[in-house]
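For reference, the chains in residue letters:
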Amino acid sequence: MTRSAEINPRGAKPTRITAGRIGLYAFLISAALFFTVPLYVMIVTSLKTMPEIRAARIFALPDHLDFSAWKVAWAGACAGAECAGIRAGFLNSVLITLPSVVISVLFGAINGYALSFWRPRGGNLMFGLLMAGALVPYQVFLYPLVRGFAALGLYNSLIGIVIVHVLFGLPLVTLLFRNYFVTIPEELFKASRLDGAGFWRIFLEIMLPMSVPMLVVAAMMQFTGIWNDFLLGLVFAGRDNLPMTVQLNNIVNTTTGERLYNVNMAATILTALVPLAIYFFSGRWFVRGIAAGAVKG
Amino acid sequence: MARRQKKSFMPALAILPTWLTVVVVYIGAMVWTLNLSFTKSKLFPSGAYVGFDQYERLLGSSKWIKAVSNLATFGVLYVLGCLVIGFCLAAALDRKVRFENAFRTLFLYPYAMSFVVTGLVWQWLMNPVLGVQATMQGLGWESFSFDLLTSRDYAIYGVVIAGLWQGSGLVMVMMLAGMRGIDVEQWRAARVDGIPAWRVYVSIILPQLGPPLAAVATLLTMGVIKTYDLVIAITNGGPGTATEVPAKFIMDNLFQRQNLGLATAAAIMLLMSVVIIVAPFRYASYIRAKRKAGVL
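Basis of the calculations
- Residues numbered from 1 in each chain as written.
- Chains lettered and ligands numbered in written order.
- Predicted model: local features only at pLDDT ≥ 70, side-chain atom pairs only at ≥ 80, totals over all residues.
- Helix = DSSP H or I, 4+ residues; strand = E, 2+ residues; numbered from the N terminus.
- Rg over C-alpha atoms; globule rule 2.2 N^0.38 Å.
- Contact = placed C-beta atoms within 7 Å.
- Buried ≥ 20, exposed ≤ 12 C-beta atoms within 10 Å, placed from the backbone.
- Nonpolar A, V, L, I, M, F, W, Y, C, P; charged D, E, K, R; others polar.
- Domains from an automatic or database assignment.
- Axes fitted to C-alpha atoms, helices over the stretch in contact; angles between N-to-C directions.
- Parallel < 35°, antiparallel > 145°, perpendicular 65-115°, else oblique.
- Left-handed = near helix turned anticlockwise from the far one by under 90°.
- UniProt positions renumbered as here; feature names shortened; annotations may be inferred.
- Expected span 1.5 Å × (residues − 1).
- Bend = angle between axes of the 7 residues up to and from the residue.

1. Considerations on the overall build of chain B
- Scanning chain B for helices and strands turns up 14 helices and zero strands.
- Its helices and strands in sequence order give chain B the pattern α-α-α-α-α-α-α-α-α-α-α-α-α-α, from N to C terminus.
- Its C-alpha atoms give chain B a radius of gyration of 24 Å, more than 25% over the compact-globule value 19 Å for 296 residues.
- Taking the contacts inside chain B whose residues are at least 6 apart along the sequence as the reference set, 69% of them involve residues at least 24 apart.

See below:
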C-alpha cells in the first residue's frame, strides 16, 4: 500500500518527453491543422481582392485587409439575375428559425413531461412511432406534404416552413425531454399531485423551471439544425422566404460570368457565423446536446 | 370520479398534436408515397396501378444504379473513415494532453456548420486553377494533385474528404465520453503487464465501446442515406453523374423531371435501406436490454 503514490496515474502531468509523447502531439497538431485550415482559408480568401486571388496562393495572408467582399456578400451578391446579397436570406433564416425553435421545444417539453409522469394510454406506442419516424428519409414525406400544404394554402409560406420544421423537430425534442424528465424523482411529482396541482400547474411551476438546462440544450440543437437546414427550406419556404443556406448555394453555384471567390467565401462565413457563435460560446452544452440526441441510434 | 376523469384527459390531450403528427404526417404521408410508387404517375398522381413497374424501371436506370453505387462508396469510406479518425483523435486526447479542450473544440466545430457551407469550402479548396493544388504547384511541388472534384473517377472521394472533415469530430466526442467511463483499474493492470498504450486501446478499450460505437455508426449511416445538401453544394452531382446520389435522384424526379411514380419508388427503396440497416441494431439493443433485465 505504500506504493500507491507510484501506481496512481493522477497528479502532475508527465514531464518526461518521450518519442511517444512527441508522436502524440505531432498527430494532434496535424489533425488540428486539417480541421482549421479550411476555416483559415475561408477567412483570408474573403479579405483578398480578386487580383490577389488569381495569384493562386490560397494560404497566403491578404496584402491588406479588404472588407469590400463582405459588403458585396451581405447586400450586393448576385444569384442569377437578382443581386441583393445574403441579407434577405439572413432575415428569412431568423424568421424561420426563431418560431420553429420556440414552438418545437415547447411541444417537446410538454410531450416529455406527459410521457414521463402521466403516462397516458398509448404514450409508449406514440413515442416508439415518433422515434421510428425520425429515421425515415425526408424524401418519403415530401410529395404528400407539398400537396397537403398546397391544399391548406400554406405551401411556399413562412408559416408553412415553420410548421414543417416543428413537425420534423418533434422526435428529437421529445426524446431529449423524455430522457431528462425520467431523471427527475417521481416523489416530487407525486407530492405536487397530493397538494392538488393539476397537469399544467405542475408543468409550469415545477417541471419547466427545473428543466432550464434541457431547454437550453434542446433550443441550441434545434436552432443549429434548423438554421443549417437546406432541403426543407428549398422545398417549402417559397421564393420570398428562402433561408440563408439556399440563398448561399444560389449565389455561389449559379453565378454567370466571373466567379467572385472572395464574395463567395464572405457569404459562406456569414452563413456559418450564427451556428459557429453558438458552438464556440457554449461548447460543453453543445456536446451535451449531441450526446443526448445520439442515444436514439 | 370526476377527478379521475380529469387525470386521464389532460395528458392525452397534451400529446394529441404529436399523435396527429405521427398518424397524419408520418404514417399518412408514407402510405401515400408507397401507394404512388405502384402507379404510373408522371406530373400528377395517377390512379392507374402498374404493380412493380416503377421499381423495375428504377433498377433499369443507369443513373439510379450509379447513384446507389456512389452512395455505397461514399458511405463505406465516410463511416469507416469517421470511426477510425474519430477513435484515434479520442484516444490521443485521452492520453492526458495539454490544451485538451482547445483541441476538442477545433475537432468538433465543423459539425456545427451546415453541409452547404462544408461543401462550398471544400469546393474552393479543391479548385483546380486557384485552389490548394495551384498553390502547392506554385511553391515548386509540380506533381501535387488535389483537383478531385473535376475528375469523373475521383470526385466522389473529394466529397468523402469534405464529409470526414465535418463528421469525424462527432465520433471523437462520443468515443471520448465512452473512454472516460472505463474503469481506471484496467489501465493499471495493463501497465503492470507492460502492454503498450496503443494495444490497450485496440484490444481492451475498443471492444468495451460497443454500444456508443453502434450508436454513432447508425447515426452516421443515417446521415449517409440522407446525403443531399453536401453533394448539391460541392458538385451538384457532377461531373456527369460522378457524384449523383439517391436523395438527389429523388428530388430531381420529384420536382424537375415530373416523374412522380419513379421518384416515390426510389424514396421507398431509400426507406427500405434504412430499415435493413437499423433493424439489426435495434434488435441487438433490444436483446441486450432483455438480457440485462434477466440478469437483474
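2. What to know about the overall build of chain A
- Along the backbone of chain A there are 15 helices and two strands.
- The C-alpha radius of gyration computed for chain A amounts to 25 Å, which surpasses the reference 19 Å derived for 297 residues by more than 25%, pointing to a less compact arrangement than a globule.
- If you line up chain A on its principal axes, its C-alpha atoms span 80 × 75 × 30 Å.
- Relative to its 297 residues, chain A shows a buried fraction of 45%.
- Considering only contacts in chain A between residues 6 or more positions apart, those separated by 24 or more positions represent 77%.

3. Looking at the interface of chain A and chain B
- With 73 residues of chain A at the interface, the matching set in chain B holds 78 residues.
- Ranked by residues supplied to the side of chain A that touches chain B, first place goes to helix α2 (residues 19–46) of chain A with eleven residues.
- Here the side of chain A that touches chain B is composed, by residue class, of 52 nonpolar, 17 polar and four charged.

4. Here's the deal with the domain arrangement of chain A
Residues and elements named next belong to chain A.
- One can read the domain layout of chain A as domain 1 (15–66) and domain 2 (87–294).
- Computed over C-alpha atoms only, the centres of domain 1 and domain 2 are separated by 34 Å.
- If you look at the interface, domain 1 gives eight residues, while domain 2 gives seven residues.
- Within the residue set of the side of domain 1 that touches domain 2, elements represented by two or more residues are α2 and α3 (50–54).

5. A closer look at the packing of helix α8 (residues 158–182) of chain A against helix α2 (residues 16–36) of chain B
- Taken N-terminus to C-terminus, the directions of α8 of chain A and α2 of chain B make an angle of 125°; their axes are 10 Å apart at the nearest point. Looking at the two axes, α8 of chain A sits oblique to α2 of chain B. Handedness of the crossing formed by α8 of chain A with α2 of chain B: left-handed. Residues Leu167, Leu170 and Thr174 of chain A of α8 of chain A form the contact with α2 of chain B, whose own contacting residues are Thr18, Thr21 and Val25 of chain B.
- Per-class residue counts for the contact of α8 of chain A with α2 of chain B are three nonpolar, three polar and no charged.

6. Here's the deal with the UniProt feature "domain: ABC transmembrane type-1" (unreviewed entry) in chain B
- In the numbering used here, UniProt assigns the feature "domain: ABC transmembrane type-1" (unreviewed entry) to residues 68–281 of chain B.
- The annotated region residues 68–281 of chain B carries 72% helix and 0% strand content, and the separation between its end C-alpha atoms amounts to 22 Å.

7. So, the UniProt feature "transmembrane region" (unreviewed entry) in chain B
All names here are of chain B.
- Feature annotation in UniProt assigns "transmembrane region" (unreviewed entry) to the following positions: residues 12–34, 71–93, 105–125, 154–177, 198–220 and 260–281.
- Annotated as 96% helix and 0% strand, the span residues 12–34 places its first and last C-alpha atoms 30 Å apart.
- Between the C-alpha atoms that bound residues 71–93 there is a distance of 32 Å. The span itself is 100% helix and 0% strand.

8. A few points about helix α8 (residues 155–180) of chain B
All names here are of chain B.
- In this model α8 runs 38 Å from its N-terminal to its C-terminal C-alpha over 26 residues, within 8% of the 38 Å that 1.5 Å per residue would give.
- Of all the bends in α8, the greatest, near 35°, is centred on Trp165.
- The element α8 is extensively covered by neighbouring structure, given that 21 of its 26 residues are classed as buried.

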